[in-house]
Amino acid sequence: MLTDIEIAQSAKMKKINEIAQSIGISSDDIEPYGHYKAKLGEGVFEKLKDKEDGKLILVTAVNPTPAGEGKTTISIGLGQAMNKIGKNAVVALREPSLGPVFGIKGGAAGGGYSQVVPMEDINLHFTGDMHAITAANNLMCAMLDNHIQQGNEQNIDQRQILVKRCLDMNDRALRNIVCSLGGRLNGIPREDHFCITVASEVMAILCLADDVFDLKRRLGNILVAYRYDGTPVYCRDIKAEGAMTVLLKDAIKPNLVQTLENTPVIMHGGPFANIAHGCNSVRATKIALKLGDYAITEAGFGSDLGAEKFMDIKCRYANLKPSCVVLVATVRSMKYNGGVPKEELTNENLAALKAGSVNLGAHIDNLKKFGVPVVVALNHFKKDTESEIDFVKRFCAEKGVEVAVAKCFAEGGAGGTDLAEKVVAACEKENDFHFLYDLDMPVYDKIRTIAKEIYGADGCHFPKDTRAAIDGFIKLGADKLPVCIAKTQYSFTDNPKMLGRPEGFKITITAANLSNGAGFLVCQAGNIMTMPGLSKSPAAYNIDIDENGNTVGLF
């Protein structure tokens, strides 16, 4: 059996100008990065602005488990399958972060015969977007510290600096540090922190900006610190937004690549869904809607995080309306939620499957609250039995949703044609898309609404410090912003060990931060790590160069 990288390395890729031409983009409107990847130039947006949009399809999933659900694989396979049945589809995905690539999760380019290529490039440096975001973020931090060192004209209180430096790598040693040691010339010593690049506000801003000028405006609105008198200091006050925009002027351009079956893919941005809003860039999604009759995009982790934020944040700001939601589930994930340990998930267990089906049911119920048709994609694994598959089909029928068994990993587009047909049909159904809450709803009610309607909580607990922080942000205008809850992806609760569909619990909001440039209030539920660490046996151990100069061990 071939590994993902072996399959990718044997792919028959088309030159990127051919992929562009297949969706009506001329060679003059792309900026190639080698033969098989390119940036889309600004001319593309101008030429397509009056073209009618296609149908928007969101792919999300149940809560992730150690067995893996394959959301990206299904997204890619669905795009390939759409083209198999004669539909013009373009896929819009996030870019991988080097943290998971060298950690334990893996990349974000799919798997098996549903991959985006060139897989090595995409999972590593790609077109340099992550590095540009890292550099822009850290330039802001450097200019902030330099401002304090050079006289502190803004009277910034170094005890109330809000922005963190970032790095696109898992490095626990950088979570909490002391900087500026070594004497007066090195600045004023203080506690500092790092987050992973994909958790930075600069990443969120890049993915929500309409164009380079909107990008600059949003960067200028970043809340960086407070003065000694308690008034806010924004990025524009330290005159950093212009230089940051220059660093990001190429990174804001979406990237064009292809699947193994030469389906066009626009891959751009990569905020984590357990921390930020978990969607690829607005620009990538909008251009995919112009280029395809169907635009297939995804939102990270479970629907309780990525899909809710896609609807209430991304769609709200970008004026998007999804035509269908594809909910990825597996027999294995349902058995895991039913209490089966990872090492026994390949054994048939109908009792556990039934017990764990409540998790799938909760996700179905949640998605229906947005008024969009739902199709369940049952990602097939070879040890799934007919009895188990039949149970899932009956369960979905009882929940009133279509289900398709998808074999995209093993068969590529051919393994997803049934799913594609059902998605096309769902896109023609009645659609009453709406948000979960209105922006004029009080902040605390927005949080409670998400906790109750999406997580199934009985209420929320706001410790004194958290309430003080939220009240302070309300005074700065956060009462008119959507809420982005940072929470474990493994459970509907703020406890990753509570599986299935828990009842009788409350969500504790442990901290709050204002992403003023991105345009949302971040409320942390439970303990969330914004700078991951490497495991005892990280994936980096297996990644190497062979005697022929080829990459090996990359999945």
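Treat the numbers as computed from the prediction; the structure is a model and nothing was measured.

1. Some details on the pairing of strand S22 (residues 506-515)
Reasoning step 1: Pairing geometry for strand S20 (residues 459-461) and S22, over three bridges, is parallel. Its bridge partner lying in S22, His461 is registered against Thr508.
Reasoning step 2: For S22 and strand S23 (residues 520-525), the ladder comprises six bridges, and the chain directions are antiparallel. Paired with Ala511 across the two strands is Gln524, which belongs to S23.
Reasoning step 3: Between the end of S22 and the start of S23, which pair antiparallel, lie four residues, with Gly519 showing a positive phi angle near 100 degrees.

2. Describing the nonpolar core
Reasoning step 1: Residues Ile222, Leu360 and Ile447 are the most contacted members of the largest nonpolar core, which totals 135 residues.
Reasoning step 2: Counting residues per element, this core draws most heavily on helix H7 (residues 129-149), at eight residues.
Reasoning step 3: When near neighbours in sequence (up to four residues on either side) are disregarded, Leu360 contacts Val62, Leu327, Ala329, Met334, Val376, Phe395 and Cys396.
Reasoning step 4: Ranked by size, the runner-up nonpolar core spans 24 residues in total, among them Ala61, Tyr294, Leu419 and Val424.

3. Thoughts on the sheet that holds strand S7 (residues 156-161)
Reasoning step 1: The three strands are arranged S7-S12-S13 in an open sheet whose pairing can be described as antiparallel. Only two strands of the sheet have a single partner each, and these edge strands are S7 and strand S13 (232-234). Going across the sheet, the axis of each strand differs from the next one's by a mean of 50 degrees, ignoring polarity.
Reasoning step 2: Judged from the two bridges that link them, S7 and strand S12 (residues 223-227) form a sheet pairing that is antiparallel. In the strand pairing of S12, Ile161 is matched with Ala225.
Reasoning step 3: Here H7 sits on the sheet and contacts S7 and S12; the angle it forms with S7, its principal contact strand, is near 135 degrees.

4. Considering the pattern of salt bridges
Reasoning step 1: A full pass over the atoms with the stated rule returns 25 salt bridges.
Reasoning step 2: Put simply, Glu42 and Arg283 hold a salt bridge, and the shortest N to O gap is 2.8 Å. Of the two residues, Glu42 is situated in helix H3 (residues 42-48) and Arg283 in helix H11 (residues 282-291); the sequence distance between them amounts to 241 residues.
Reasoning step 3: Accessibility expressed as a relative area gives 4% for Arg283, which makes it buried.
Reasoning step 4: Residue Asp53 is joined to Lys290 by a salt bridge in which the shortest nitrogen-to-oxygen separation is 3.0 Å. With Asp53 in the loop between H3 and strand S3 (55-61) and Lys290 in helix H11, this residue pair connects regions lying 237 residues apart in the sequence.
Reasoning step 5: Classification of Lys290 by relative accessible area gives buried; the value is 16%.
Reasoning step 6: If you follow the salt bridges from partner to partner, you end up with Asp145, Arg165, Arg190 and Asp192 in one network.

5. Re the side chain of Thr245
Reasoning step 1: Along the chain, Thr245 falls in helix H10 (residues 241-248).
Reasoning step 2: Taking relative accessible area as the criterion, Thr245 reaches 9% and is therefore assigned buried.
Reasoning step 3: If near-sequence neighbours (up to four positions away) are discounted, Thr245 is found in contact with Val212, Leu215, Lys216 and Leu219.

Reading the values: the criteria
- Numbering of residues starts from 1 in each chain and follows the order in which that chain's sequence is written.
- Totals for whole chains, interfaces and linings use all residues, but because this is a predicted model, local features are given only for residues with pLDDT of at least 70 and pairs of side-chain atoms are given and counted only at 80 or more.
- To obtain the side-chain values, all non-hydrogen atoms of the structure were included, while hydrogens and water were left out.
- Pairing between strands requires that DSSP locate at least two bridges from one strand to the other.
- Put simply, DSSP H or I for four residues or longer makes a helix, DSSP E for two residues or longer makes a strand, and each gets a number counted from the N terminus.
- Among buried residues, the Ala, Val, Leu, Ile, Met, Phe, Trp, Tyr and Cys ones that are joined through side-chain atoms within 4.5 Å form a nonpolar core.
- Burial classes follow relative accessibility: with a 1.4 Å probe on protein chains only, a residue under 20% of its type's maximum area counts as buried, one over 50% as exposed, and anything between as partly exposed.
- The contact rule is simple, with two residues in contact once any of their heavy atoms fall within 4.5 Å.
- Each axis is a line fitted through C-alpha atoms, and for a helix only the stretch in contact is used; angles between axes span 0 to 180 degrees, taken between their N-to-C directions.
- We define a salt bridge as a contact between a side-chain nitrogen of Lys or Arg and a carboxyl oxygen of Asp or Glu at a distance within 4 Å.

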